[in-house]
Amino acid sequence: QVQLVESGGGLVQAGDSLRLSCAASGRTFSSYAMGWFRQAPGKEREFVATISWSGGSTYYADSVKGRFTISRDNAKNTVYLQMNSLKPEDTAVYYCAAAKPDTYWSGSYYDYDYWGEGTQVTVSS
């Protein structure tokens, strides 16, 4: 069993930055990949970024590549999402997720088996 708690969301203006954090407990954090997803009103949940268990490999959605950075601190059982140059279209609830065992990293919703409750990010124009 894994518990995930996101924090760091808020209301910002276009061009601003935010850093989201996701604190994990339960399963050995350093043994599984992590991901960030987001869901805007009326839209399906979409992949944002993923990171391997060691932090050595990362992968991003095209819409955030070059603006967002995913990282992890295994000593603190925490994964981060640094979001720069935010745009109004980044407005969504952001969820962190823990990947299933033996998943190196993944952009697929179906490869994750634990999810946080989400944190709201709102970007005004």
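Please refer to the structure higher up on the page.
Residues numbered from 1 in each chain as written. Predicted model: local features only at pLDDT ≥ 70, side-chain atom pairs only at ≥ 80, totals over all residues. Heavy atoms only, no water.

Colleague: What is the right way to read the packing of aromatic side chains from this model?
Modeller: For any pair of aromatic rings, geometry is given as the distance between the ring centres together with the angle between the planes. A full pass over the atoms with the stated rule returns 10 aromatic pairs. Between Phe47 and Tyr59, the ring centres sit 5.8 Å apart and the planes meet at 20 degrees, which makes this aromatic pair stacked. Taken together, the positions of Phe47 in strand S5 (residues 46-51) and Tyr59 in strand S6 (residues 58-60) put the pair 12 residues apart, joining distant regions of the chain. The ring of Phe29 carries Arg72 above its face, with NZ or CZ at 4.4 Å from the centroid. (Phe/Tyr/Trp six-rings, centres within 6.5 Å; stacked < 30°, edge-to-face > 60°. Helix = DSSP H or I, 4+ residues; strand = E, 2+ residues; numbered from the N terminus. Lys NZ or Arg CZ within 6 Å of the ring centre and 35° of its normal.)

Colleague: I would appreciate a short explanation of the side chain of Arg72 in the present structure.
Modeller: Structurally, Arg72 can be placed in strand S7 (residues 68-73). Asp73 provides the closest opposite charge to the buried, unpaired Arg72, separated from it by 8.4 Å. One polar contact links Arg72 to Asn74, side chain to side chain, over a distance of 2.8 Å. (Buried < 20%, exposed > 50% of the residue type's maximum accessible area, 1.4 Å probe, protein only. Lys, Arg positive; Asp, Glu negative; His and termini not counted. Salt bridge = Lys/Arg side-chain N within 4 Å of Asp/Glu carboxyl O. Polar contact = N/O pair within 3.5 Å; in protein donor to acceptor, adjacent residues only side chain to side chain.)

Colleague: Even after reading the chapter, I still don't get a nonpolar patch on the surface, so can you show me in this structure?
Modeller: On the surface, Trp53, Tyr59, Tyr104 and Trp105 cluster together to form a nonpolar patch covering roughly 430 Å² of accessible area. Assessed through its relative accessible area of 38%, Tyr59 is described here as partly exposed. (Patch = residues over 30% accessible without salt bridge, like charges linked within 9 Å, V, L, I, M, F, W, Y side chains within 5 Å. Areas by Shrake-Rupley, 256 points an atom, 1.4 Å probe, with all protein chains shown as cover.)

Colleague: Would you take a moment to explain the pattern of salt bridges for this structure?
Modeller: When their charged atoms lie close together, side chains carrying opposite charge are able to pair. By the definition in use, this model includes 4 salt bridges. Here Asp90 and Arg38 are joined by a salt bridge, their closest N and O atoms 2.9 Å apart. With Asp90 in the loop between strand S8 (78-83) and strand S9 (92-99) and Arg38 in strand S4 (residues 34-39), the pair connects residues that are 52 residues apart, well separated along the chain. The exposure class assigned to Arg38 is buried, which follows from its relative accessible area of 4%. The shortest N-O distance in the salt bridge between Asp62 and Lys65 comes to 3.1 Å. Connected through shared salt-bridge partners, Arg38, Glu46, Arg67 and Asp90 make up one network.

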